[in-house]
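One letter stands for each residue in the lines below.
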Amino acid sequence: MSDKPANTMWGGRFAMSPAEIMQEINASIGFDKRLAPQDIRGSRAHAAMLAEAGIITKADAKEITKGLDQVLAEIEAGTFKFSRALEDVHMNVESRLKDLIGAAAGRLHTARSRNDQVATDFRLYVRDQIDGLDAALAGVQQALAAKAEAHAGTVMPGFTHLQPAQPVTFGHHLLAYVEMIARDRGRFADARKRLNESPLGSAALAGTSFPIDRHKTAETLGFDKPMANSLDGVSDRDFALEVLAAATISSIHFSRLAEEIVIWMTPQFGFVQLSDKFTTGSSIMPQKRNPDAAELSRAKVGRIAGAFQSLAMVMKGLPLAYSKDMQEDKEVTFDALESFKLVIAAMAGMIADLEPVPEVMRAAAGRGYSTATDLADWLVRELKMPFRDAHHVTGSIVKAAEKRGIELDAMPLADMQAVEPRITKAVFSVLSVENSVKSRVSYGGTAPQNVLKMAKGWIKRLEKERGKG
C-alpha cells in the first residue's frame, strides 16, 4: 500500500491511505452528490460573506464564484467526474474548484467546517423538497375536490368496521381526504418554519474566531436567521426527522385511500373503475385488471415510515456534537422523499382517472339497513321518544325486516306498528338512502348541498393558492 494519503484534503495528519474497507464504509459520494446544487449555493454565499468581511479578497471571491458556477454547469451537464476517493460532495466540489482556479479555492473553506457545511446543505435540500411536496399535495387536493364536485350527489354506502353504516355521497368521502391532506400540508409548513435557520458559521462545533457575518449568509440563503448555538447547529437532524414524520403520516393517508380503491375495484364491490393507465393484467389470467398503482402506493408507506425509524435509531444515542453516524441521515431521507413524491404523483393520476359506478354504489347503499339511524332519529323527532328507547325500537324493526328478507323502506307499515303503534306512514320519508343523505345538513355532513359548497370552496381556495405561487 502506498504511504501517500488517498484523500489529500485530509492534510498532513494522516501518513497512510485508509484500508479499502474503510474507504467503502466512509465514502458518501454515491448518494450525497445529490446535494451538489445546495453545496454550491452555500459556498457562494459563504465566499461572498468572507469577502465582504475582509477575510478573503474580493478578487478571490470573484474567482471562487466563477469557478463554482462552472462546477455546477458541469454537474448539470453530466460531465462532472465524482471521485469516490474524495469521499463526499464537499471534497469533490472543492477539488474540482482547485483544478479550475488554483490556490484561491483553498480559501473558500476559511471559517467553516464540513460539519456546518453538510448541515446547511441538508437543510437547504429538505427545504427545497418541502416546497415541491406542498405543490404536489395541493395538486392531489385539486383532483379530489374536482371529483367531489362532480359527484356531490352520488350516493354510496358509508362504512364503519367495513360494515354498511349510513349512506353518504362519493363526493363527501373524497373530501375527507382533502381535509387530511390539508393537515399534512400544515405539518410540512410547520416543519419548514422550524428548519429555516442557518447552521452555516457554526464551523466544526464551537464557532470561529474569524469576524464572519452569519446573519448575512442566512439572509442570502433564504433562512430566517442563523442558529443561535453552534453545537446545536451541527448536532441535530430533528428537521429531517420531522419531515420524515410528516411524510409518514401523509403516506398513511394515501395508503388508506389506495386500500379503498383496491377494495372498491373488486367484483364483490364494483364501486369504481380505473383505466389501463393505472392497472395491469396477468401473465396467465386474461380477465384480470389489477390495481397495481394503488397497491404499490399502499406499500410505499413501509419505506417511508422505515426511513423515519432508521434515522431515529441513528440519532437516539449520539453525544454532541457531530459523529460520523450522522452520515446515515441522507440516504434514507432521499429514498423516502423520492418514494413519497412517486406516491403523490400516482395518487393524483388515479384520482383523476377514477370513475365511480353510481348504480352499483346506490344499490349497495340501500343494503344492510343503512337508514336505521334515520328511523331512530325520526322516532325521537316525531314521537319525542328518548334516543335509547328509539334505538331499541329500531333494532326490533330491523330484526323483523331481516326475518322477512327485506330492507327498511320495503317494510309494511303494519309490521312497524306492531313494534311501535305510534309510527305513521310519514316514516317512509326518511327511509330512502337519497332522503337520508339529503337530511345530513349539519356542518360537515354529507348532504349534497354541503358537499357541493365544500368542494367549490376548496377548488376556489386551491386556485387562489396556485395563482399566488
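Residues numbered from 1 in each chain as written. Predicted model: local features only at pLDDT ≥ 70, side-chain atom pairs only at ≥ 80, totals over all residues. Heavy atoms only, no water.

Would you take a moment to explain the overall build of the chain for this structure?
Tallying secondary structure elements over the chain gives 18 helices and 6 strands in all. Scaling as 2.2 N^0.38, a compact globule of 469 residues should have a C-alpha radius of gyration of about 23 Å, whereas the chain reaches 31 Å, well beyond that. Along the first, second and third principal axes, the C-alpha atoms of the chain reach 100 × 50 × 40 Å. The buried share of the chain, taken over its 469 residues, is 48%. Put simply, 74% of the contacts in the chain that link residues at least 6 apart link residues at least 24 apart. Here the chain has roughly 22,600 Å² of accessible surface; of this, 54% comes from carbon and sulfur atoms. In the chain, which carries 59 positive and 58 negative side-chain charges, the distance between the mean positions of the two groups comes to 3 Å. (Helix = DSSP H or I, 4+ residues; strand = E, 2+ residues; numbered from the N terminus. Rg over C-alpha atoms; globule rule 2.2 N^0.38 Å. Buried < 20%, exposed > 50% of the residue type's maximum accessible area, 1.4 Å probe, protein only. Contact = heavy atoms within 4.5 Å. Areas by Shrake-Rupley, 256 points an atom, 1.4 Å probe, with all protein chains shown as cover. Lys, Arg positive; Asp, Glu negative; His and termini not counted. Charge placed at Lys NZ, Arg CZ, Asp CG, Glu CD.)

Whenever I open this one, the pattern of salt bridges confuses me. Can you help?
Where charged atoms from two side chains of opposite charge approach closely, those side chains can pair. Summed over the entire model, instances satisfying the criterion amount to 26 salt bridges. Two residues, D128 and R41, come together in a salt bridge whose shortest N-O distance is 2.8 Å. One end of the pair, D128, is in helix α6 (residues 114–150); the other, R41, is in helix α3 (residues 36–52), and 87 residues separate them in sequence. Residue classification places R41 among the partly exposed positions, given a relative accessible area of 27%. Note that R187 and D184 form a salt bridge whose closest N and O atoms lie 2.9 Å from each other. (Salt bridge = Lys/Arg side-chain N within 4 Å of Asp/Glu carboxyl O.)

Is there a simple way to explain the packing of aromatic side chains in this structure?
Summed over all chains, the structure comprises 9 aromatic pairs. Here the aromatic rings of F122 and F334 are separated by 6.4 Å at their centres, their planes lie at 90°, and the arrangement is edge-to-face. Residue F122 is found in helix α6, and its partner F334 is found in helix α12 (residues 329–353); the two are separated by 212 residues along the sequence. Across the pair, exposure class does not vary: F122 and F334 are buried alike. Between the aromatic rings of F254 and F340, the centroid separation amounts to 6.4 Å while the plane-to-plane angle is 50°, which identifies the pairing as tilted. (Phe/Tyr/Trp six-rings, centres within 6.5 Å; stacked < 30°, edge-to-face > 60°.)

Even after reading the chapter, I still don't get the environment of I101, so can you show me in this structure?
With respect to the helices and strands, the residue I101 is situated in helix α5 (residues 89–101). Between the C-alpha atoms of I101 and E259, which are 158 residues apart in sequence, the distance is 56 Å.

Got a minute to help me understand the nonpolar core in this structure?
Grouped together as the largest cluster of nonpolar side chains are 97 residues, with contacts concentrated most on L144, F188, F254 and F340. Element by element, the count of residues in this core is highest for helix α10 (residues 238–265), at 14 residues. Not counting residues up to four positions away in its chain, the partners in contact with F188 are I130, L133, L137, V243, A246, A247 and F340. Formed by 20 residues, the second largest nonpolar core is a distinct cluster that contains A372, W378, V398 and L408. (Core = buried A, V, L, I, M, F, W, Y, C linked by side-chain atoms within 4.5 Å.)

Can you walk me through the environment of E74 in this structure?
Locating E74 in the fold gives a position in helix α4 (residues 58–77). Owing to a relative accessible area of 13%, E74 belongs among the buried residues under this scheme. E74 sits 57 residues away from D131 along the chain, and the two C-alpha atoms are 26 Å apart.

For this particular structure, what's the right way to read the pairing of strand β1 (residues 155–160)?
Two faces make up the sheet, and in a regular strand the side chains alternate between them. Judged from the 6 bridges that link them, β1 and strand β2 (residues 163–169) form a sheet pairing that is antiparallel. Paired with F159 across the strands is P164, a residue of β2. Following β1, the chain reverses through 2 residues before pairing antiparallel with β2; H161 in that reversal takes a positive phi of roughly 60°. (Pairing = 2+ DSSP bridges.)

Where do I start with the packing of α10 against helix α11 (residues 292–315) in this structure?
Where α10 meets α11, the closest approach of the two axes is 8 Å, and the angle between their N-to-C directions is 160°. Comparing the axis directions of α10 and α11 gives the class roughly antiparallel. Every pair of crossing elements has a handedness; the one defined by α10 and α11 is left-handed. Each residue belonging to the contact of α10 with α11 can be placed in one class, and the counts come to 17 nonpolar, 4 polar and 3 charged. (Axes fitted to C-alpha atoms, helices over the stretch in contact; angles between N-to-C directions. Parallel < 35°, antiparallel > 145°, perpendicular 65-115°, else oblique. Left-handed = near helix turned anticlockwise from the far one by under 90°. Nonpolar A, V, L, I, M, F, W, Y, C, P; charged D, E, K, R; others polar.)

It is not clear to me how the environment of A401 should be interpreted in this structure. Could you clarify?
Turning to its location among the elements, A401 is positioned in helix α15 (residues 387–404). Taking C-alpha positions, A401 is 63 Å from D236, a pair spaced 165 residues apart along the chain. In contact with A401, other than residues within four places in its own chain, are Y369, I406, L408 and M411.

What's the story with unusual backbone geometry in this structure? I'm lost.
It is generally the case that most residues other than glycine have a negative phi and that most peptide bonds are trans. In this model, L320 is joined to A321 through a cis peptide bond whose omega is 10°. By the element assignment, A321 lies in the loop between α11 and α12. With phi around 60°, L162 is a residue other than glycine that occupies positive phi space. Turning to its location among the elements, L162 is positioned in the loop between β1 and β2. For L162, a relative accessible area of 52% translates into the label exposed. Positioned with a positive phi, A203 is a non-glycine residue whose angle comes to about 60°.

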